[in-house]
Amino acid sequence: MLHFKLTQEFQPAEVLVVLLAQDPQLKENLAAIASFAHLTADDLVANFKAEKKDSTAFYTAHQHPTGVKKIYLLGLGETKEDKPLSPEAVRQVMRSFVHKNKTTLPTVISIDCLQFSSLKQLSAAQLPAFVEALAGGSLLGLYEIGKYKQEPPKPVAFDTLRIHLAVKTQANDPIEKSIDKAKVVAVAQLRVFDMVNTPSNRFTPEDFAKTAELIGSEASINVKVFRGKEVKEQNLHALWSVGKGSENLPTFSILEYKPAHFTKSIGLVGKGVNFDTGGYNIKTQGMAPMKIDMAGAATMLGVMESIAKLQLPIHVVCIIPACENMISGNAYKPSDIIDSYAGYTIEVEDTDAEGRIMMADALAYLTKNYQTDYLLDIATLTGASIISLGLKAGAMFTNNEELATKFYDLGQQTEEKVWRLPLWDDYADALKSDMADVKNYANSQAGSVTAAKFLEKFTNKHPAWVHFDVAGMCWMDSEFAKTRNATAFGVRLMVEFAESLVAGK
Ligand code: BES
Ligand code: MN
Ligand code: ZN
């Protein structure tokens, strides 16, 4: 794990990293760097425009008295009065820098927020969020995706990041705290990356249960798991029906974090379909990516882990329903009428609309057995959500106006953007069944809305329920791998939500 050292003095290491925004001070900042490195200012100014993720590196001309051998300039992009420097730009730039250079960096590097960088203009009030982003981005940059190679990439030597700050820091100071927070959240996000990227033969419903128990043992979280037949015995018939066709039977993990003092409570549910073949309505295209159909569950474990390790004074109950949607002599079939924990019967019109069925039991279980002020769920529920919003935002559904505004704002802040789609009752007509209480699918348009309407039926009319459909957002093409890979979308969004409850915002 990377270590962070805050220093008030300028004590650069062999490698000095300077983050620069494209702002009116850029020329001046570059001139100062040129003078420090004994270079010609004109060359630097001509060559470095500080576009976002621009990066340039040069060696100091001779044995520099400070010991600096190499300087990296990293661009943060354009900033204006109405578009000030954001911690998110810093987070992305640091992640990218560490990802690209982690194998060549020396053990100690230093980041300047004091002499040359645009970050020196930050106020004491702004600094914690920016230092958190520096630390959090760097930690994510260390992610190693090649875990299953015969010779996995070696851990890097790079292990200390010295951050030079102009502001005074003492123990328990907000800047120290922001580094602790960055570590907790990044460790949780890295675990989410692993869960989501790992294919289903190596990450099964039982592995969800084991991970829940592991997280429980690391933080003060109570964990109770129903495995295999116990799922059926607990009347979780809907989850059981979806998962019974696989040799890897369903698991249902309940995690509860209850600090001595709390003022608010949150219920969390995430879709954990370890693999979605579609079932008998088998997927004829796009099946291989369905190893990521458990990203919602992974995300909620990340949120739970973060909240508990940050010791936020909030009571949290997190439910992870996990199963595989497979075909076999034992699998559920189109037209089956199945039972559910809530008591409603469900006509299975399409076995590929399985997420809403197994989520229904988790939502019903949570709302029947726990009273929480908020109820949040996240799922890779529908391809239709990608058709609506592309790969730029997740779909949000809620009947609570206040929460809609709040999550919209938090999405803008964290750059885990969400956009609200409607939950009008008109959309539920399509789910009426002749024989059962509800059917799971209708050949209708607005597929993400009907899916959300289906879930709503199982929330016990919870007044503060928010559903996120993130089929497109939880994995993404990126600079970090050759193929689409996990993003941990939603972790920061919901951790910030929890923190905002503590702050009473
Ligand atoms: N897991 C899929 C949704 C999905 C699609 C996730 C693309 C990630 C990327 C879900 O279970 C599914 O199969 N949905 C169907 C619903 C349809 C059968 C009503 C879909 O979106 O086509
Ligand atoms: Mn499906
Ligand atoms: Zn699915």
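A brief look at the structure comes next.

Criteria and cut-off values
Residues numbered from 1 in each chain as written. Chains lettered and ligands numbered in written order. Predicted model: local features only at pLDDT ≥ 70, side-chain atom pairs only at ≥ 80, totals over all residues. Heavy atoms only, no water. Pairing = 2+ DSSP bridges. Helix = DSSP H or I, 4+ residues; strand = E, 2+ residues; numbered from the N terminus. Near = heavy atom within 4 Å. Polar contact = N/O pair within 3.5 Å; in protein donor to acceptor, adjacent residues only side chain to side chain. Areas by Shrake-Rupley, 256 points an atom, 1.4 Å probe, with all protein chains shown as cover. Nonpolar A, V, L, I, M, F, W, Y, C, P; charged D, E, K, R; others polar. Buried < 20%, exposed > 50% of the residue type's maximum accessible area, 1.4 Å probe, protein only. Expected span 1.5 Å × (residues − 1). Arc of directions from axis to C-beta. Donors = N, O, S within 2.8 Å, 3.2 Å for Na, K, Ca; no water. Tetrahedral: all angles 85-135°; square planar, octahedral: opposite > 155°, others 65-115°.

1. What to know about the sheet that holds strand β12 (residues 337–338)
Point 1. With mixed pairing, three strands are arranged side by side in an open sheet as β12-β13-β17. For this open sheet the edge positions go to β12 and β17 (438–439), each flanked by a neighbour on one side alone.
Point 2. For β12 and strand β13 (residues 346–347), the ladder comprises two bridges, and the chain directions are antiparallel. Residue pairing across strands places Ile337 opposite Glu347, the latter belonging to β13.

2. Digging into the site of ligand 1
Point 1. Near ligand 1 lie 16 residues; those nearest to it are Lys283, Asp293, Asp352, Glu354 and Gly383.
Point 2. At a separation of 2.7 Å, an oxygen atom of ligand 1 approaches a polar side-chain atom of Lys283.
Point 3. For ligand 1, a nitrogen atom lies 2.8 Å from a polar atom in the side chain of Asp293.
Point 4. Surface burial for ligand 1 is 80%, taken as the share of its 510 Å² of free accessible area covered by protein chains.
Point 5. Taken together, the residues that form the shell around ligand 1 break down as five nonpolar, three polar and eight charged.

3. Things to note about the side chain of Thr251
Point 1. In this fold, Thr251 is placed in strand β8 (residues 251–257).
Point 2. By relative accessible area, which is 2% here, Thr251 ends up buried.
Point 3. A distance of 2.7 Å separates a polar side-chain atom of Thr251 from the backbone oxygen of Pro205.

4. Quick word on helix α1 (residues 26–37)
Working note: α-helix, 3.6 residues per turn, so residues spaced by three or four point in the same direction.
Point 1. With 12 residues, α1 should reach 16 Å at 1.5 Å per residue; the first-to-last C-alpha distance of 16 Å fits that figure.
Point 2. Along α1, the residues that are buried comprise Leu26, Asn29, Leu30, Ile33, Ala34, Phe36 and Ala37. Looking straight down α1, one finds its buried side chains confined to an arc of 160°; they lie on one side. Facing away from the buried surface of α1 by more than 90 degrees, the exposed residues are Lys27, Glu28 and Ser35.

5. Considering the coordination of the manganese ion (ligand 2)
Point 1. Protein coordination of the manganese ion (ligand 2) is provided by Asp276 (OD), Asp352 (O), Asp352 (OD) and Glu354 (OE), with donor distances spanning 2.1 to 2.2 Å.
Point 2. The coordination sphere of the manganese ion (ligand 2) comprises six donor atoms, whose angles at the metal cover 72 to 169°; the geometry is irregular.
Point 3. Sequence positions of the donors to the manganese ion (ligand 2) reduce to the motif D-x75-D-x1-E.
Point 4. Taken as a pair, the manganese ion (ligand 2) and the zinc ion (ligand 3) show a spacing of 3.2 Å, with Asp276 coordinating each metal. With a gap of 78 residues between them, Asp276 in strand β10 (residues 272–276) and Glu354 in the loop between β13 and α10 (355–369) connect regions that are remote in the sequence. The burial state of Asp276 is the same as that of Glu354; both residues are buried.

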